[in-house]
Structures are given as C-alpha cells and as structure tokens.
Amino acid sequence: MLGRLKKAERTTFVIIAGCAGAGKTTVGKAVSEKMKWTYIDKDTATRQYTDFILCASGSNEGDRESEFYCEKIRPIEYDVTLKLCRENLELGNSVVLTIPMIAVVQDFNKFSEMINKQYLDRIGVVVKFVWINHDENLEYARVSRRNASRDRYKLANWYEYS
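Residues numbered from 1 in each chain as written. Predicted model: local features only at pLDDT ≥ 70, side-chain atom pairs only at ≥ 80, totals over all residues. Heavy atoms only, no water.

### Notes on helix α2 (residues 42-56)
Helix length check: α2 (15 residues) gives 21 Å between terminal C-alpha atoms against 21 Å at 1.5 Å per residue, within 8%. Its axis deflected by about 30° at Q48, α2 carries its strongest bend there. Within α2, burial applies to K42, D43, T46, T50, D51 and L54. Looking at the packing, one finds that the buried side of α2 touches β2 (38-41), α3 (67-90) and β3 (95-98). Capping the start of α2 is the job of one residue whose side-chain oxygen sits 3.0 Å from the backbone nitrogen of D43: D41. Note on α2: the residue one or two positions beyond its end, G58, has a positive phi of about 95°. (Helix = DSSP H or I, 4+ residues; strand = E, 2+ residues; numbered from the N terminus. Expected span 1.5 Å × (residues − 1). Bend = angle between axes of the 7 residues up to and from the residue. Buried < 20%, exposed > 50% of the residue type's maximum accessible area, 1.4 Å probe, protein only. Contact = heavy atoms within 4.5 Å. Polar contact = N/O pair within 3.5 Å; in protein donor to acceptor, adjacent residues only side chain to side chain.)

Dropping the structure here:
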C-alpha cells in the first residue's frame, strides 16, 4: 500500500482509526513518513492532560470508561486534536491523524458532524478515512504487552470490550 502513495495535489487529511492494539500508530507513522506529512496522534496530544484531570477529579489516570470521561473529557480530547489538525491543514500541510474513534465511528453521522465542525470543506481539504481491521488475538496481545493504565478496563473486561 505505501508504495502506491504519491504526493497529493491538494491538502489531504488522513484519519486512521481502529481499536486499541490494531496498529493505528504503526500505519500512521509509516504513511506520514512516506508522504512527508504531519503526523498527529490523539493520545500523544491529550494523554498527559487527560490523566492529570482524571486524577485531580478523584478518578484514576486509566479511566476511559466512566461517564465523566466519556461525556466531559473525551469530547475535549477529540476537539483539541482536530483543532491541531485544522491548524496544520490551514497552513497547507497534509495531516495523518491516528485516533481511536470507536465510540464516534459507531455513529457515522456523529463522526461526519465532528469533521464538518472543523469546516474542512471550506478550506479545500481532501478527507480520507481509514479503519484498521484487526485480529482479536493480536489486539489482545498488543494491548497486554503495552501494559498501559488506560487499558486495564479493556483487559479486565475483554469479552465485553472486544
């Protein structure tokens, strides 16, 4: 796939989404390097801030399942990340974004609304959406191996999560 990519004539926004451990970061970095495009990862952009807010509010840094996180924190994470992308896109820099978007993508209208909220169509950006399919056993192995606090719930409730 990477060998077939060529420099786009227009600014391009590639959104790479998928479940934890699916390989979003690996693919995103490879595409970004090949194309010489800006690479942005939602977790890198927001994790430290999110973990701080969760701990300061009495939760734990690994909380990614509570109502507080899902309704108050996650929308801000996505908004901030998309604003970082938009700033680069407005400068004419094509962007590769890796972002879970599991909850958002389940409702494609909500996903489209979020992208349109950034007025990407007004600045002439070509948007490409990539969902990475995965093998459940490989996903479990990757998530287990990275041993991140944000994955504790997923691993403890793997049957429900997967």
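### Some words on the sheet that holds strand β1 (residues 12-17)
Strand order in the open sheet made by the four strands is β2-β3-β1-β4, with parallel pairing throughout. At either end of the open sheet lies a strand with only one pairing partner, and these are β2 and β4 (126-131). Here the average twist between neighbouring strands, direction ignored, is 15°. Sheet strands touched by α2: β2 and β3. Its angle to β2, the strand with the most contacts, is close to 40°. Lying over the sheet, α3 contacts β1, β2 and β3, oriented at roughly 170° with respect to β3. (Pairing = 2+ DSSP bridges. Axes fitted to C-alpha atoms, helices over the stretch in contact; angles between N-to-C directions.)

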